[in-house]
Amino acid sequence: MIIGGMVQKDVAKTLEKSLRTIQRWWARYRRGQDLGHKVGAGRPKMITREAKIVISKSLGKIRQFTRKIAIKLKRKGYGISESTVHRYLKETIGATAYKRHKIPKLTEKQRENGLIFCIERENWNLDEWKRVLWSDESPYELFHPSPAKNDRVWSTDSSKIPLREVIKNPPK
């Protein structure tokens, strides 16, 4: 374009590049240097084949957040940051961090008992329900709750995410 008589500023607008980039390209062309992509230019990739395998194996597993994967890789001797793991999962694999859906943590027997309880008392009136004493307020911890912030699952498909069972009342 410049050889054809176009001004560098107009070439920059046409190619949607900065003027400085066009000036560098023109200087390299006049010196007889290649304008193609430089092989090996830029910062070398920190992520190795083995690290990619470790990251790929974390897909679909619960509580495998990027910070935890990065720490695991650092212990194995790979100097990979949390942001590198995140970038590889998002851009290369195309995975997304999904929040797990909550479902009640009830056994089949508990479901049956609840249904039987409701069927037996289907026609009760208000006076009968006033005589019921609900005594489910014990202050002990049944299950250790996982922090909701870290309860994400990386996957390429949201239908492959395992459901998160939660108890009906708070854990304490």
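See above for the structure.
Computed from a prediction, not measured in an experiment: that's the story for all the values here. Residues take numbers from 1 onward in each chain, read along the sequence in its written order. Note on the predicted model: pLDDT of at least 70 is required for a residue's local features to be given, and 80 or more for side-chain atom pairs to be given and counted; whole-chain, interface and lining totals, by contrast, use all residues. The side-chain numbers reported here are obtained from all heavy atoms of the structure, hydrogens and water having been left aside.

A. A look at the packing of helix α3 (residues 49–57) against helix α4 (residues 66–75). Packing of α3 against α4 leaves a shortest axis separation of 11 Å and a crossing angle of 145 degrees. Judged by the sense of rotation from one axis to the other, the crossing of α3 with α4 is right-handed. Of the residues in α4, those touching α3 at A51, V54 and I55 are I69, K72 and L73. Residue polarity is assigned by list, with Asp, Glu, Lys and Arg as charged and Ala, Val, Leu, Ile, Met, Phe, Trp, Tyr, Cys and Pro as nonpolar; anything else, Gly included, falls into the polar class. Its residues assigned to classes, the contact of α3 with α4 comprises five nonpolar, no polar and one charged. Note on geometry: axes are lines fitted to C-alpha atoms, helical ones only across the stretch in contact, with angles between N-to-C directions running from 0 to 180 degrees. Helix numbers and strand numbers start at the N terminus; a helix is a DSSP run of H or I with at least 4 residues, a strand a run of E with at least 2. Should the near helix be turned counterclockwise from the far one by less than a right angle, the crossing is left-handed, whereas a clockwise turn marks it as right-handed. Residue contacts follow a heavy-atom distance rule, with two residues in contact if any of their heavy atoms lie within 4.5 Å.

B. Structural view of α4. Listed in full, the buried residues belonging to α4 are T66, I69, A70 and L73. Mapping the buried residues of α4 onto a view down its axis gives an arc of 100 degrees, with all of them on the same face. Backbone geometry just after α4 places G77 at a positive phi near 100 degrees. Accessible area is worked out with a 1.4 Å probe on protein chains only. A residue is then buried under 20% of its type maximum, exposed over 50%, and partly exposed in between. By construction, the arc corresponds to the directions joining the helix axis to the C-beta atoms.

C. Seen up close, the packing of helix α1 (residues 8–15) against helix α2 (residues 19–30). It is at 9 Å that the axes of α1 and α2 come closest, and there the two elements cross at 115 degrees. Classified by the angle their axes make, α1 and α2 are roughly perpendicular. The two elements α1 and α2 meet at a crossing, and its hand is right-handed. For the pair α1 and α2, the contacting residues are Q8, K9, V11, A12 and L15 in the first and L19, I22, Q23, W25 and W26 in the second. Considering only residue class, the contact of α1 with α2 consists of seven nonpolar, two polar and one charged. Any angle that is under 35 degrees is reported as roughly parallel, and any over 145 degrees as roughly antiparallel; angles of 65 to 115 degrees are reported as roughly perpendicular and all others as oblique.

D. Geometry of the nonpolar core. Buried Ala, Val, Leu, Ile, Met, Phe, Trp, Tyr and Cys residues that are joined via side-chain atoms within 4.5 Å together make up what is termed a nonpolar core. Core analysis: the largest hydrophobic core is formed by 13 residues, its most contacted members being I47, I55, L73, I80, V85 and L89. Listed by contribution, the elements that provide at least two residues to this core are α3, α4 and α5 (82–93). If we skip the residues at most four places from it in the chain, I80 touches M46, I47, A51, A70, L73, K74 and V85.

E. Highlighting the packing of aromatic side chains. Each Phe, Tyr or Trp ring, with Trp reduced to its six-membered ring, pairs with another whose centre is within 6.5 Å; inter-plane angles below 30 degrees give stacked pairs, above 60 give edge-to-face pairs, and intermediate values give tilted ones. By the definition in use, this model includes three aromatic pairs. Members of the aromatic cluster, each reached through a chain of ring pairs, are F117, W124 and W129.

F. Geometry of the pattern of salt bridges. Here, a salt bridge means any side-chain nitrogen of Lys or Arg that lies within 4 Å of a carboxyl oxygen of Asp or Glu. The full count for this structure, using the stated rule, is two salt bridges. Here E108 makes a salt bridge to R111, at a shortest N to O gap of 3.9 Å. With E108 and R111 both in helix α6 (residues 108–120) and three residues apart, this pair spans about one turn of that helix. Here E108 falls in the exposed class, since its relative accessible area comes to 55%. R111 gets classed as partly exposed once you look at its relative accessible area, which sits at 42%. Here R121 ties to E120 by a salt bridge, and the two come within 3.0 Å at their closest N and O atoms. A residue is classified by how much of its surface remains accessible, and R121, at 22% relative accessible area, is partly exposed. Residue E120 is classed as exposed on the basis of its relative accessible area, which comes to 56%.

G. Main features of a nonpolar patch on the surface. Taken together, the side chains of M1, I3, M6, L15, W25, Y29 and L35 present a nonpolar region at the surface, about 670 Å² in accessible area. Looking at the secondary structure, you find M6 in the segment before α1. Residues with no salt bridge and a relative accessible area higher than 30% make up the patches, which join like charges within 9 Å and nonpolar side chains (Val, Leu, Ile, Met, Phe, Trp, Tyr) within 5 Å. The Shrake-Rupley method, run with a 1.4 Å probe sphere, supplies the accessible areas, and residue values consider only the shown protein chains as cover.

H. Examining the side chain of S155 more closely. Relative to the helices and strands, S155 resides in strand β3 (residues 152–155). Counted as a polar contact is a pair of N or O atoms within 3.5 Å, where, for protein atoms, one must be capable of donating a hydrogen and the other of accepting one, and residues adjacent in sequence contribute only when both atoms are in side chains. Within the structure, S155 has its side chain in polar contact with the backbone oxygen of D157 (distance 3.0 Å). Setting aside residues no more than four positions away along its own chain, S155 makes contact with L59, A95, T96, Y98, K160 and I161.

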